[in-house]
Structures are given as structure tokens and as C-alpha cells.
Amino acid sequence: MTQHPLGPRLPGAYVAPGSASFADFLAGQAPELLPDRRTATTAASVGIEVPHGTTIVAATFDQGVVMAGDRRATMGNIIAQRDIEKVFPADEFSCVGIAGSAGFAVELVRLFQTELEHYEKIEGTPLSLDGKANRLSGLLRANLAMAMQGLAVLPLFAGFDLRRGYGRIFEYDVTGGRYEETAFHAVGSGSLFARGSLKKLFRQGLQESECVTATVQALYDAADDDSATGGPDLARRIFPIVAVVTAEGYRRMPDDDVAALADEVVAARMQRPDGPAAPLT
Amino acid sequence: MTTPFYVSPEQLMKDRADFARKGIARGRSVVVIQYADGICFVAENPSHALHKISEIYDRVAFAAVGRYNEFENLRIAGVRLADLRGYSYDRRDVTGRGLANAYAQTLGTIFSSGGEKPYEVEIFVAEVGDEATDDQIYRLTYDGSVADEQRFAVMGGSAEQAAGYLEEHYSDGLGRAAAVRVAVQALAHDGDTARDIPADQVEAAVLDRTRGQQRKFVRLSDPTVAEALATEA
């Protein structure tokens, strides 16, 4: 049960000076709301199938960073959802995409978003991009027990570093290990194919629109070879979520723009199903 | 042998209220004013780090006068309460009224308990709505009483003079710059003659319902304030 903190007056912990971390506050005041408590921890141990999100890709360009995610969630061989969203704004200058156990992932993202906003409000200044990446690491580590039970979540974190003036990408392992990627990265079941695709398509000095095209192509390639990744759904008009983060902040590309781009990519694949060919040398 | 002397409850409460009021009267005032696109907060504050005006949640902001450590405590408690509520229910379930209630209970309990000294603070909690008629401004005093304010409100040392000035010069549907200007002038009219308050001594922020983001709170930078003050001519 959720505790209602409003007794006669705000409890001492609310006015106690100290931590600017929402997760720490939650652990003290309402631990039942932490993601590992909120999602049924026993689900995995008794072998219940839970929806899984699949492929997320991210790539940098000169003015920032692009992150794109397919829309499919699978439960074993079943497609659990066709239009799930797996790329979220983390705050005004960063975004997070999540592959893995979907229900748990969404909770983790909500906690991460609140954590960043909470810090910003209490301290009066936002965390540095490295600080944000480290906090996500900490949250993952706190939920290691869930990962060990099979409810693993793998985030991909990207943002615009206002101090350094360029976009950066961070990947994680289930134990909370944090690794910075230069140029591009992908996570999830189709990530191998997406990464292979980006290897051939990515180059330094891309413009924003070219970078977005590269990520959509990579997702197409991932869906081409991985059954758990959803390709562009032309019949239902469901297309990837594309987020762009620049010095101006987080922006989700309008669905119509992504649809137009996806139509172009699909049309080109009609001519050459394997996608654009890279030069041999 | 010392003789314990009797103090009537009326006298006790009056003494505590006087104590709190004196503390509050020492500080500079804060003005909250409704304008066309939302709610504007203006305070005279030479510090750029120690804020009197702060964001609490998407549509809710906080302004305070009095003892810094006490209202800072309450501000942090408000952020924690709002974030916890928004996280456990939904972002839309965080309201200014809920927060004002929590503050009222807290201030009221502290004021009437014998063990603690009363807080020497006054607080504004404001929530911006989709329409100007949905805007809410609550004013909380040191003893936990709550007042629902309309159009504008002032608290702090020279609240009466400033409110008097606003009573004459406020009009509905002001633009943002005009709202900042009239609020700063109200703060300047705290004596017999108007003082000159430079832009870098003004802390200003708005809850702007037209802001595209979920979070409607925006702090106004010194150049923005200076521009607003300069457009008078």
C-alpha cells in the first residue's frame, strides 16, 4: 500500500537536510514504490513470460545525438505490443532508450526522470551529463537482483553535453557498468544487426537528417534479421520513435516526419532489399 | 523559591505571533501577480544563488519571505512531497492545493506546539491552470492559516505599501514585461518616496501556461528583467 505522507504535518524526513537523490528518499520513505518492489519479482522465477522490448540505436552528429527505437514488444514468440514506446526524454538535454523487460523498464525510466528533475529542483542546477549517466548506473546496480532473476533491463543513454558542446552516448551492462561509446551504439535483441548496419552507414560530419536516416536504416536492418524487432508497419502506419537532442534540448521528431522518412527508406528497399551499398574500399 | 507565573493562552499565542511577525517584517517583500499567460513572481533579492522563488512541480511554484533556513526546509519538503506524489500516482495529481494543505498543517503544528519556536516565514504556493480563471494563489502565514488570493498578493516587510500601489496600478491581462514592471515598482514604493531597484537586484520567475514543455516554471534572467524595466519609457 502506498503510504499517504500527510498526517498532521510533514514528517521529519521531508524537512531533513541532506540528500538530493529522489531514489534515496524513496528507499527511506516508501520503499514499496521502488521499481524492484513494484514489479512482481517472482514473475521471472516462476517462469511467467513478460513483454520484452527489443532494439534501440543511437548515433551522434555534429550538433548533437539521435536515438531511435522500434515499436515492438514480444512475449516469447508472441508480439505483445506493436506500438510500444521505448525511447524517453530523461530531462531537457538527454534521452534514454530501454531494451529488456518492458514493465520494469518503464518503471526504471520514470524513477530516473524523477531523479534528474528532483536533483535539479533541490540543488537549483542540473546534473552534469556524466553525473546523469552515473546515476543511471546506480539505479541499475540497485536492481541487480531483478536482473539475476531474468528481468534484465539494458538502457542506452544519450545526451548533449552543454559543457563540452557535443552529443555523447553511454551504454550499460546489467551490473550497472557504464561505458561511453563514440559515434554510435545499439542495444537489444536486434542490436548486432543494427550495429553492423551503422558501421557501414555512419561517418563523421553527418547532418541531423542524415543521422536520423542512418538510425532508421539500422532499425530496418535489425528488423530484417531479428524476429523480435519490429520493422516499419506500413499497414498500421506505425514507425520508429526518433528523438533528437541538441544544444536546444530534447525534441521528439513528429510522427509525420518519421513516417515520410520511413516511406522513403522502404521505397528504396523495394529496389535494393539489403539497403544502401557501401563502397568496397 | 521561584514562583511559577501564569501566562494566559491568549497572551502566549500573541507573543508567538509577534515574534514571528517581527522576524518576517525584517525582510524584503515578494510580489505574486497574475498576468495574461500565467503567474509572475518578483522579489527583491541581491543574491543569485539563494533563491526566494523556486519551482516545485510542473505547474506549481513557491515563493517565501522570512528566515532562509526555515523556508528552504519547507521548499525541499515540498519538492519531495510533490515528486513522491507524482511518481506514485501521476504528474497531474500534484496540485497546489495539496501542497498548501501540507504546509498549512506543518506551520500550524509548529506554531501551536510549545516545544518549538514558530517559523518566521510566509509562503506563496501558486499553481497555473489552463485558463487564467484556473490559476490559484495561496498565501500561508507563520501560524498555518491559508488565504486564497486573486490578481496579486504581497508579503514581507512592506507588504501593505506594495499592495496599496498594486491596488491602484494593477490591471487584468497584463503582458509579462508589464507584470514584472508593475511588480518591481510596487516593491520600490515601500517608503514615502519610490526607490530605484536595479535589474540585478530583482529575482523574477513565471509559471507560463503557454510554455511548450511539461514544466511551466521559468526563471527570468537579469537581461530579461532589465528589458522589461526599460520598456517603460
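Small disclaimer: the values here were computed from a predicted structure and weren't measured.

**Quick notes on the interface of chain B and chain A**
In many analyses, interface size is given as the accessible surface area lost on bringing the parts together. Contacts between chain B and chain A engage 29 residues on the former and 30 residues on the latter. At the boundary of chain B with chain A, total buried surface from both sides reaches about 2800 Å², with 53% on carbon and sulfur atoms. Three residues, R80, L84 and Y87 of chain B, lead the burial of chain B against chain A; their summed loss comes to 32% of the area buried on that side. Summed over the shared surface of chain B and chain A, the number is five salt bridges.

**Quick word on the nonpolar core**
Core analysis: the largest hydrophobic core is formed by 64 residues, its most contacted members being L26, V96 and F157 of chain A together with I56, Y103 and I123 of chain B. In terms of residue count, the dominant contributor to this core is helix α2 (residues 68–88) of chain B (nine residues). Those residues in contact with L26 of chain A that sit more than four places away from it in its chain are P31, L33, L34 and L111 of chain A together with L84 and Y87 of chain B. Counting residues in hydrophobic clusters, the runner-up holds 30 residues, among them V42, V154, Y170 and V182 of chain B.

**Digging into the sheet that holds strand β2 (residues 38–44) of chain B**
Residues and elements named next belong to chain B. The five strands lie next to each other as β8-β1-β2-β9-β10, forming an open sheet whose pairing is antiparallel. Single-partner strands in this sheet number two, and they are β8 (152–155) and β10 (217–220). Across the sheet, the mean angle separating the axes of adjacent strands is 15° when strand polarity is ignored. Bridge count for strand β1 (residues 30–35) against β2 is six bridges, and the pairing is antiparallel. Counted as the bridge partner of V32 is F41 from β2.

**Regarding the packing of α2 of chain B against helix α3 (residues 96–112) of chain B**
When two helices pack together, you describe them by how their axes are tilted relative to each other and by the distance separating the axes. All names here are of chain B. The contact between α2 and α3 brings their axes to 11 Å, and the two run at 135°. What the angle tells us is that α2 and α3 run oblique. In this structure, the crossing between α2 and α3 has a hand that is right-handed. Residue-level inspection shows L74, R75, G78 and L81 of α2 in contact with α3, the latter providing L99, A102, Y103, T106 and L107. Its residues placed into classes, the contact of α2 with α3 shows six nonpolar, two polar and one charged.

**A look at the sheet that holds strand β6 (residues 136–140) of chain B**
All names here are of chain B. In space, the five strands of this open sheet follow the order β3-β4-β5-β6-β7, with antiparallel pairing throughout. Two strands lie at the open edges of the sheet, namely β3 (53–55) and β7 (146–149), each paired on one side alone. Ignoring strand direction, the axes of neighbouring strands in this sheet form an average angle of 20°. Inspection of the sheet shows β6 paired to β7 by four bridges, in the antiparallel sense. In the sheet register, Y138 faces β7, and the bridge partner there is D148.

**Re the pattern of salt bridges**
Opposite charge on two side chains allows them to pair when their charged atoms are near. Overall, the coordinates contain 40 salt bridges over all chains when judged by the stated rule. Between R211 of chain B and E92 of chain A there is a salt bridge; the shortest N-O distance is 3.8 Å. With R211 of chain B in the loop between β9 (202–208) and β10 and E92 of chain A in the loop between β6 (87–91) and β7 (94–101), this residue pair bridges two chains. On the basis of relative accessibility, which here comes to 22%, the residue R211 of chain B falls in the partly exposed class. Judged by relative accessible area, which is 32%, E92 of chain A ranks as partly exposed. Bridged by salt links that share partners, the residues D130, D161, R164, R168, R178 and E180 of chain A form one connected network.

**What about the environment of E92 of chain A?**
When the C-alpha positions of E92 of chain A and F160 of chain A are compared, they lie 9.5 Å apart, and in sequence the two are 68 residues distant. Residues within four places of E92 of chain A in sequence aside, it is in contact with G249 and Y250 of chain A together with R211 and Q213 of chain B.

**Quick notes on the environment of R195 of chain B**
Residues and elements named next belong to chain B. Among the secondary structure elements, R195 is positioned in the loop between α5 (176–188) and β9. The spacing of R195 and Q185 is 10 residues in sequence and 8.5 Å in space, taken between C-alpha atoms. Each residue touching R195, except ones within four places of it in the same chain, is listed here: R28, E44, L187, A188 and D190. A polar contact is formed between the side chain of R195 and the side chain of D190, at a distance of 3.0 Å.

**Notes on the confidence of the model for chain A**
In the predicted model, chain A carries a mean pLDDT of 89, and the fraction of residues at 70 or more is 93%. In this model residues 1–5 of chain A is a low-confidence stretch, pLDDT under 50, and it forms 10 contacts with partners more than four residues away in sequence or in other chains.

**Topic: α2 of chain B**
For α2 of chain B, spanning 21 residues, the distance from its first C-alpha to its last is 30 Å, which sits close to the expected 30 Å at 1.5 Å a residue. The element α2 of chain B is largely enclosed, with a buried count of 17 among its 21 residues.

**Here's the deal with the confidence of the model for chain B**
All names here are of chain B. A residue-level look at chain B finds 99% of positions with pLDDT of 70 or above and a mean pLDDT of 90. The spread of mean pLDDT over the elements of chain B runs between helix α1 (residues 9–25), the lowest at 87, and β6, the highest at 95. For this predicted complex, the interface score ipTM comes out at 0.89, while the overall pTM is 0.90.

**What about the packing of aromatic side chains?**
Scanning all chains against the criterion turns up nine aromatic pairs over all chains. Here a set of aromatic residues connected by ring pairs shows up, and it is made of F112, F157 and F170 of chain A. Taking the ring centre of F111 of chain B as reference, the NZ or CZ of R16 of chain B above it sits at 5.9 Å.

**Here's the deal with the pairing of strand β11 (residues 184–187) of chain A**
Residues and elements named next belong to chain A. Along β11, one buried face is formed by F184 and A186 and the opposite face, lined by H185 and V187, is buried too. Two elements, strand β2 (residues 56–61) and β11, share four bridges in a ladder whose sense is antiparallel. Paired with V57 across the bridge in β11 is A186.

Reading the values: rules and limits
- Residues numbered from 1 in each chain as written.
- Chains lettered and ligands numbered in written order.
- Predicted model: local features only at pLDDT ≥ 70, side-chain atom pairs only at ≥ 80, totals over all residues.
- Heavy atoms only, no water.
- Contact = heavy atoms within 4.5 Å.
- Buried area = accessible area lost by both parts, 1.4 Å probe.
- Salt bridge = Lys/Arg side-chain N within 4 Å of Asp/Glu carboxyl O.
- Core = buried A, V, L, I, M, F, W, Y, C linked by side-chain atoms within 4.5 Å.
- Buried < 20%, exposed > 50% of the residue type's maximum accessible area, 1.4 Å probe, protein only.
- Helix = DSSP H or I, 4+ residues; strand = E, 2+ residues; numbered from the N terminus.
- Pairing = 2+ DSSP bridges.
- Axes fitted to C-alpha atoms, helices over the stretch in contact; angles between N-to-C directions.
- Parallel < 35°, antiparallel > 145°, perpendicular 65-115°, else oblique.
- Left-handed = near helix turned anticlockwise from the far one by under 90°.
- Nonpolar A, V, L, I, M, F, W, Y, C, P; charged D, E, K, R; others polar.
- Polar contact = N/O pair within 3.5 Å; in protein donor to acceptor, adjacent residues only side chain to side chain.
- pLDDT = per-residue confidence, 0-100.
- Expected span 1.5 Å × (residues − 1).
- Phe/Tyr/Trp six-rings, centres within 6.5 Å; stacked < 30°, edge-to-face > 60°.
- Lys NZ or Arg CZ within 6 Å of the ring centre and 35° of its normal.

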